[in-house]
Amino acid sequence: MRTLTVLGATGSIGASTLDLIRRNRGDWRVTALTAHSNAAELARLAREFGAEVAVVADETHLPALRDALAGSGIEAAGGPAALVEAGARGADVTVAAIVGCAGLAPTMAAIEQGGVIALANKEALVSAGEVMLAAVARHGATLLPVDSEHNAIFQCLCGNDTADVRWITLTASGGPFRDWSWDRLTAATPAEAVRHPNWDMGAKISVDSATMFNKGLELIEAHHLFPVGLDRLRIIVHPQSVVHSMVEYRDGSTLAQLGPSDMRVPIASALAWPRRMDTPCAPLDLAEIGELTFRKPDEVRFPATRLAREAAQAGGAVPAVLNAANEIAVAAFLGGQISFTRIAAQVEDVLGSYAPPAPGSLSDVLEVDGEARARARLLVTST
Ligand code: NDP
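These lines cover the structure that appears in this document, whether it is placed above or below. Model, not experiment: these values are computed from the prediction.

Rules behind the numbers
The residue count restarts for each chain, going from 1 along the sequence in the order it is written. Reporting of local features is limited, given that this is a predicted model, to residues whose pLDDT is at least 70; pairs of side-chain atoms are given and counted only at 80 or more, and all residues count toward the totals for whole chains, interfaces and linings. Excluded from the side-chain calculation are hydrogens and water; included are all heavy atoms of the structure. If a single non-hydrogen atom of a residue is within 4 Å of a molecule or strand, that residue counts as near it. Pairing of N or O atoms within 3.5 Å defines a polar contact, subject to two protein rules: one partner must be a possible hydrogen donor and the other a possible acceptor, and residues neighboring in sequence count only if both atoms are side-chain atoms. Only the protein chains shown count as cover for residues, and all accessible areas are computed by the Shrake-Rupley method using a 1.4 Å probe. For helices the rule is a DSSP run of H or I covering at least 4 residues; for strands it is a run of E covering at least 2, with both sets numbered from the N terminus onward. Charged means Asp, Glu, Lys or Arg here, nonpolar means Ala, Val, Leu, Ile, Met, Phe, Trp, Tyr, Cys or Pro, and polar covers whatever is left, Gly included. Between the N-to-C directions of two axes lies an angle of 0 to 180 degrees, each axis being a line fitted to C-alpha atoms and, for a helix, fitted only over the stretch in contact. Angle categories are assigned with fixed cut-offs, so that under 35 degrees is roughly parallel, over 145 is roughly antiparallel, 65 to 115 is roughly perpendicular, and the rest are oblique. Left-handed describes a crossing in which the near helix is turned anticlockwise from the far one by less than a right angle; the clockwise case is right-handed. Contacts are assigned to residue pairs with any non-hydrogen atoms lying within 4.5 Å of each other. Buried, partly exposed and exposed residues are distinguished by accessible area as a fraction of the type maximum, computed with a 1.4 Å probe on protein chains only: under 20%, between the cut-offs, and over 50%, respectively. The residues that make up patches have over 30% relative accessible area and no salt bridge, and they are joined within 9 Å when like-charged or within 5 Å when they are Val, Leu, Ile, Met, Phe, Trp or Tyr. Only one rule defines a salt bridge in this text: a Lys or Arg side-chain nitrogen within 4 Å of an Asp or Glu carboxyl oxygen. Pairing between strands is defined by DSSP: at least two bridges between them are needed. Arc, as used here, means the arc of the directions from the helix axis to the C-beta atoms.

### Points about the site of the ligand
Around the ligand, a shell composed of 25 residues is seen, among which Thr10, Ser12, Ser37, Asn38 and Glu123 lie nearest. Within the backbone of Gly8, one N or O atom sits 3.4 Å away from an oxygen atom of the ligand. Interatomic distance of 2.7 Å between a backbone N/O atom of Ser37 and an oxygen atom of the ligand. Considering the ligand on its own, with 890 Å² of exposed area, one finds that the protein chains cover 85% of that surface. Mapped by element, the contributors of at least two residues to the shell around the ligand are helix H1 (12-22) and helix H6 (122-139). Here the shell around the ligand is composed, by residue class, of 13 nonpolar, nine polar and three charged.

Set out below in structure tokens:
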């Protein structure tokens, strides 16, 4: 039996993870489950899975969590320190599924325990980059990518030498607006942006998918996870989301990983690694799908991937600034404060406004993140 912690248990990735655990109850014991504010759902999950501890990051929801867990014997905790403590309890596998840089500190705490980190929370790696990878090496942790593209690449690289890689190609669905004109994009609504054609995901990543910032963040994530050099990483739009990514080798062989658009597949791959486990996903029926198409990304209508590539090239604090500015811009768009096309424009403005020094520690990264957020918020209010 292995122990499991899910940081962000009440979200989309959390639900997919716990669905797999539910089907394999005999193999897992749940240590900690966390949420931001959804105390009712967190308590329900904690009771169902017999968690040791349930944590709400927003402490104002702790009384509701305590009430909902009364008599269960499950510990209830709240606040940022409790969230970090949940990561620090250590589990054989920690699924990092909090959205945004808010997941960085508890993920780092889990890394320090040296177990397996199944990483969905791409913003944490984008912001902390070298700091996180150094901690992984220092503490002997194992970082397994859950993001479907990176999980695909990880599988395609197995048994091969990265020195033999010619290209790593990240596929992108292109999001719900991939065929929209610029004029139409300027009027896109939050409801339209979160309606992804292929994937059922949380609101933030759905907007990121529509702007292509998701692919930009993934480019930076891939740059850290698979050090083949930025010039060997490329992006291709593949509207069907069947090929999750590809690796081309110097002999001309291209290996791709294919599967349904269901995050339970890459999550299962990380949970069972280096073995395999059953999932309830329908088998891939390529004859039914019929056509797989590919095209080049359009960085004029969707500048996010260009901004991300430039940030990765610059390195240091720049990816953390890009991520923080994007998080604030997405929240402002979802809140009706700025237009869809202002998201990338605002990120570019924040990136151009200053150049903080490269972070050397977790607290440095959090400082960069905080300053970039403050600058981005100012832009929202002045728009
Ligand atoms: P959701 O919005 O569905 O869930 C986010 C989770 O994080 C919830 O449990 C939420 O709690 C919690 N949370 C939100 N804000 C905070 C905070 N400030 N502090 C602590 N916890 C917080 O997101 P997703 O599951 O869609 O995405 C999670 C991560 O996985 C993201 O980084 C995303 O990019 C990545 N990812 C997601 C994919 C998907 O298919 N969904 C695919 C690939 C990667 P509460 O419910 O209480 O708000």
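### Looking at the packing of H1 against helix H2 (residues 39-49)
Between two packed helices, the angle of one axis relative to the other and the distance separating the axes together describe the packing. Across the interface, H1 lies against H2 with an axial gap of 12 Å and an inter-helix angle of 20°. If you check the angle between H1 and H2, you find them roughly parallel. Of the two possible hands of crossing, H1 and H2 adopt the one that is left-handed. Touching Leu18, Ile21 and Arg22 of H1 are Leu45, Glu48 and Phe49, all from H2. Class assignment of the residues belonging to the contact of H1 with H2 gives a composition of four nonpolar, no polar and two charged.

### Side note on the side chain of Thr171
Note on placement: Thr171 falls in strand E8 (residues 165-172). According to the relative accessible area criterion, Thr171 is buried, its value standing at 5%. Only 3.1 Å separates the side chain of Thr171 from the backbone oxygen of His244, close enough to count as a polar contact.

### With respect to the environment of Pro63
Counting through the fold element by element, Pro63 comes out in helix H3 (residues 62-69). Judged by its relative accessible area of 48%, Pro63 is partly exposed. Considered as a pair, Pro63 and Pro197 are 134 residues apart in the sequence and their alpha carbons are 39 Å apart.

### Comments concerning a nonpolar patch on the surface
Together, Leu258, Leu284, Leu286, Ile289, Leu292 and Phe294 make up a nonpolar patch on the protein surface, roughly 440 Å² of accessible area in all. Assignment of secondary structure puts Leu284 in the loop between helix H12 (264-272) and helix H13 (286-289). In this structure Leu284 comes out as partly exposed when scored by relative accessible area, which is 34%.

### Re the pairing of strand E10 (residues 243-249)
Successive residues of a regular strand alternate their side chains across the two faces of the sheet. With respect to burial, E10 is a largely interior element, seven of its seven residues being buried. Pairing geometry for E8 and E10, over five bridges, is antiparallel. By the bridge assignment, Thr169 is partnered in E10 with Met246. Hairpin remark: E10 followed by strand E11 (residues 254-258), antiparallel, with four residues in the connecting loop; positive phi at Gly252, about 95°.

### Let's talk about the sheet that holds strand E6 (residues 116-119)
Pairing within the open sheet is parallel, and its seven strands lie in the order E4-E3-E2-E1-E5-E6-E7. Looking along the sheet, the strands with just one partner apiece sit at the ends: strand E4 (75-78) and strand E7 (142-145). Sheet twist, expressed as the mean angle between neighbouring strand axes with direction ignored, is 20°. Direction of pairing for strand E1 (residues 2-7) relative to strand E2 (residues 28-35): parallel, over a ladder of four bridges. Residue Leu4 lies in a different strand from E2, and its bridge partner there is Val30. Sitting on the sheet, H3 touches strand E3 (53-56) and E4, and the angle it makes with E4 is about 170°.

### Describing H3
Counting along an α-helix, one turn takes 3.6 residues, and residues three or four places apart therefore face a common direction. All of the buried residues in H3 are Leu62, Leu65 and Leu69. Within H3, the buried residues cover an arc of 60° as seen down the axis, which keeps them to one side. Just downstream of H3, Gly71 is the residue with a positive phi angle, here 85°.

### Thoughts on the pairing of strand E9 (residues 233-237)
Side-chain alternation along E9 places Leu233, Ile235 and Val237 on a buried face and Arg234 and Ile236 on a face that remains uncovered. Two strands pair when backbone bridges link them, and E8 and E9 are joined in this way by five bridges, in the parallel orientation. When the sheet's bridge partners are listed, Thr169 is paired in E9 with Arg234.

### Quick word on the pattern of salt bridges
In the structure shown here, the tally under the stated rule is 28 salt bridges. Glu48 is the partner of Arg44 in a salt bridge, and the nearest nitrogen-oxygen pair spans 3.6 Å. One end of the pair, Arg44, and the other, Glu48, are both in helix H2, four residues apart, so they sit about a helical turn from each other. The class for Glu48 is partly exposed, based on a relative accessible area of 26%. Glu248 serves as the salt-bridge partner of Arg166, at 2.8 Å between the closest nitrogen and oxygen. You can see Arg166 sitting in strand E8 and its partner Glu248 sitting in strand E10, a full 82 residues away along the chain. With relative accessibility at 17%, the residue Glu248 sits in the buried group.

### Describing unusual backbone geometry
The general pattern is negative phi for most residues beyond glycine and trans for most peptide bonds. Following Trp273, the chain continues to Pro274 via a peptide bond in cis, the omega torsion being 5°. Tracing the chain through its elements places Pro274 in the loop between H12 and H13. Residues other than glycine seldom take positive phi values, yet Met212 does so here, at roughly 80°. Tracing the sequence through the fold places Met212 in the loop between helix H10 (203-211) and helix H11 (213-225).

By themselves, these are just geometric observations and shouldn't be taken as functional.
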